[in-house]
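Survey of secondary and tertiary structure
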Amino acid sequence: MKALVLVGGFGTRLRPITYEIPKQLIPIAGKPMLYHVLDLLPRDVEEVVLASGYKADVLERFLEANPPGLPVRCVPEAEPLGTGGGMRNAGDGLSDPFLLLNSDVIADVDVAELLAFHEAKGGVGTMTLAEVDDPEPYGVAALDSSDRIERFVEKPKRAEAPSRWINAGLQVWRAEVLDGIPRGRPVSFETEIVPGLLAKGIYGFRSRGFWEDAGTPPRLLRAQRLLFDAGRGGHAPIPKGALGRGPIAFGRNCHAPGASFGPYVTLGDDVTVGAGAHVENAVVMDRVTIGARAVVRDSILGPGVLVADGLRIEGAVLGPGAAV
Ligand code: GTP
């Protein structure tokens, strides 16, 4: 079994962090988002193909320096090709069937069960579906009594959504679907290809585990809380002289005597936090300095951010190197 992971998006909703770092490398619960996605894959996956594009070089260098424990190969796009175009561009030599994953989906899905479901149903594809309160930003499926998808609508108006079951970004497809995607131009798999495949049988695998699309700042922080609560966060020791409460993941070489952390914090490498400062429900990336008595809550701080002494930050997303 091979897996194709879509990692080529711009991550516009996580700007300004994503001006320098691809979304997939933002750490949550102790490691980059992409590595949590790879954790979902069965350990005997033969190869993971990453359909990359935006910041492909940054991603590749990171993967080389931090091998994820599964064989990965990047296939970059010269121009963004969309989800379908990316699948077509990177999809040569995939297995039949293959797994297709979005790179920003934080979920508790049993992939072995998904694969067994796909085989039993015998359709051309199976989409994992998650139930959400507001399906408007997603692809929404209407199912019949045998779990076959009768209708699939991408980003419907809330009142027009056929259900609250949405494409969770974890799918199984027969390799033949790749032949139906035009080459060399941007293609949206969800809007241009999926509707035409419904007649061949696409089934919905309803997942009851947690699910979050970590593509926006509030959802990224929620995804981090879900991972920590599920015990899927890192457990590095708290830096000497610091106080910690609840789940926290520290990087290497952090200095924070007299600072307090938690719950729900990820710190990168080489972070310095001054005495009396407090960090809570946050992602603090490499080389950040937080001044004495400052408070950082519900925020994402990009690499090299500098927070002045005594400053209070709430609900902020600060780009690499920002000084506040
Ligand atoms: P936003 O700009 O914030 O919407 O983020 P995004 O660019 O990642 O878009 P979105 O979350 O809708 O993308 C869903 C998945 O498809 C993510 O895993 C993206 O990395 C991926 N993706 C989006 N566009 C492309 C593309 O042009 N090429 C490839 N290879 N992947 C893409």
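Just so you know, these numbers come straight off a predicted model, no measurement behind them. (Residues numbered from 1 in each chain as written. Predicted model: local features only at pLDDT ≥ 70, side-chain atom pairs only at ≥ 80, totals over all residues. Heavy atoms only, no water.)

1. Re the domain arrangement of the chain
Just so we agree on the cut-off: Segment limits for the domains were obtained from an automatic or database-derived domain assignment. Contacts were defined at the residue level, with two residues in contact if any of their heavy atoms lie within 4.5 Å. Buried area, as used here, totals the accessible surface that two parts lose on assembly, with accessibility defined by a 1.4 Å probe and the loss added over both. Any Lys or Arg side-chain nitrogen found within 4 Å of a carboxyl oxygen on Asp or Glu counts as a salt bridge. N or O atoms within 3.5 Å of each other form a polar contact, as long as, within protein, one can give a hydrogen and the other can take it, and as long as residues adjacent in sequence are counted only when both atoms are side-chain atoms.
Taken domain by domain, the chain consists of domain 1 (2–216) and domain 2 (243–318). The distance between the C-alpha centroids of domain 1 and domain 2 comes to 32 Å. Listed as interface residues are nine residues of domain 1 and, on the opposing side, 10 residues of domain 2. Counting the surface lost from both domain 1 and domain 2, the interface buries some 710 Å², and carbon and sulfur atoms represent 84% of this. Taken as a group, Ile17, Ile21 and Pro27 account for 53% of the area that domain 1 buries against domain 2, more than any other trio of residues on that side. The interface formed by domain 1 and domain 2 holds zero salt bridges in total. Our count for the contact surface shared by domain 1 and domain 2 stands at two residue pairs in polar contact (both at pLDDT 80 or more).

2. Concerning the site of the ligand
Basically, it comes down to this: When at least one non-hydrogen atom of a residue lies within 4 Å of a molecule or strand, that residue is treated as near it. A cavity here means a set of 1 Å grid points, computed over protein atoms only, where a 1.4 Å probe fits but cannot escape. A pocket is an open set with protein on both sides within 12 Å along at least 5 of 7 lines, and lining residues have an atom within 4 Å of a point. Molecules are considered to sit inside a cavity or pocket once more than half of their atoms lie within 2 Å of its grid points. Residues are grouped as follows: nonpolar covers Ala, Val, Leu, Ile, Met, Phe, Trp, Tyr, Cys and Pro; charged covers Asp, Glu, Lys and Arg; every other residue, Gly included, is treated as polar.
Not every one of the 19 residues close to the ligand is listed here, only the nearest: Leu6, Thr12, Lys23, Glu77 and Gly82. The side chain of arginine 13 places a nitrogen or oxygen atom 2.8 Å from an oxygen atom of the ligand. Counting atoms within 2 Å of the grid points, the majority share of the ligand lands in the largest pocket. Within the shell around the ligand, the residues separate by chemical class into six nonpolar, nine polar and four charged.

3. Some details on the pattern of salt bridges
Our working definition: Strands are runs of DSSP state E lasting at least two residues, helices are runs of H or I lasting at least four, and both sets are numbered from the N terminus onward.
Counting across every chain of the model gives 19 salt bridges. Residue aspartate 134 pairs with arginine 158 through a salt bridge whose shortest N-O separation is 3.8 Å. Here arginine 158 lies in the loop between strand 10 (149–154) and strand 11 (165–173) and aspartate 134 lies in the loop between strand 8 (125–131) and strand 9 (139–143), a separation of 24 residues in the sequence. Aspartate 269 is paired through a salt bridge with arginine 252; the nearest N and O atoms lie 2.9 Å apart. Here aspartate 269, found in the loop between strand 17 (265–267) and strand 18 (272–273), pairs with arginine 252, found in the loop between strand 15 (248–249) and strand 16 (260–261); they are 17 residues apart in sequence, far enough to count as distant.

4. Observations concerning the packing of aromatic side chains
How we decide: Stacked, edge-to-face and tilted are the three classes for Phe, Tyr and Trp ring pairs, Trp counted by its six-membered ring, which pair at centre distances within 6.5 Å; planes under 30 degrees apart are stacked, over 60 edge-to-face, the rest tilted. Only protein chains enter the calculation, and the probe is 1.4 Å; a residue is then buried if its accessible area is under 20% of its type maximum, exposed if over 50%, and partly exposed in between.
One pass over the structure, following the stated rule, counts seven aromatic pairs. Seen from their ring centres, phenylalanine 10 and tyrosine 54 are 5.0 Å apart, and the 55 degrees between their planes marks the pair as tilted. Of this pair, phenylalanine 10 sits in the loop between strand 1 (2–6) and strand 2 (27–28) while tyrosine 54 sits in the loop between strand 4 (47–52) and helix 2 (56–65), placing them 44 residues apart in sequence. The exposure class assigned to phenylalanine 10 is partly exposed, which follows from its relative accessible area of 41%. Look at phenylalanine 228 and tyrosine 264: their rings are 6.3 Å apart centre to centre, the planes differ by 45 degrees, and that puts the pair in the tilted class.

5. Here's the deal with the side chain of glutamine 171
In this fold, glutamine 171 is placed in strand 11. In terms of polar contacts, glutamine 171 uses its side chain to reach the side chain of asparagine 167, at 3.3 Å. Ignoring sequence-local partners within four residues, the contact set of glutamine 171 consists of Phe98, Leu99, Leu100, Thr126, Met127 and Phe189.

6. Focus: unusual backbone geometry
The omega torsion of the bond from arginine 15 to proline 16 falls at 5 degrees, within 30 degrees of zero and hence cis. Relative to the helices and strands, proline 16 is located in the loop between strand 1 and strand 2. Along the chain, aspartate 96 connects to proline 97 via a cis peptide bond; the corresponding omega equals 0 degrees. Although it is not a glycine, asparagine 253 adopts a positive phi angle of roughly 60 degrees. If you trace the backbone, asparagine 253 turns up in the loop between strand 15 and strand 16. The phi dihedral of aspartate 298 is positive, around 50 degrees, even though this residue is not glycine. Mapped onto the elements of the fold, aspartate 298 is located in strand 21 (residues 295–301). Residue aspartate 298 is classed as partly exposed on the basis of its relative accessible area of 34%.

7. Some remarks on helix 6 (residues 217–229)
Convention followed: In this analysis, the expected span of each helix is defined as 1.5 Å times one less than the number of residues it contains.
The end-to-end C-alpha distance of helix 6 is 18 Å, a good match for the 18 Å that 13 residues give at a rise of 1.5 Å each. Residues Pro217, Leu220, Leu221, Ala223, Gln224, Leu226, Leu227 and Phe228 constitute the buried set of helix 6. Glycine 231 lies just past helix 6 and shows a positive phi near 75 degrees.

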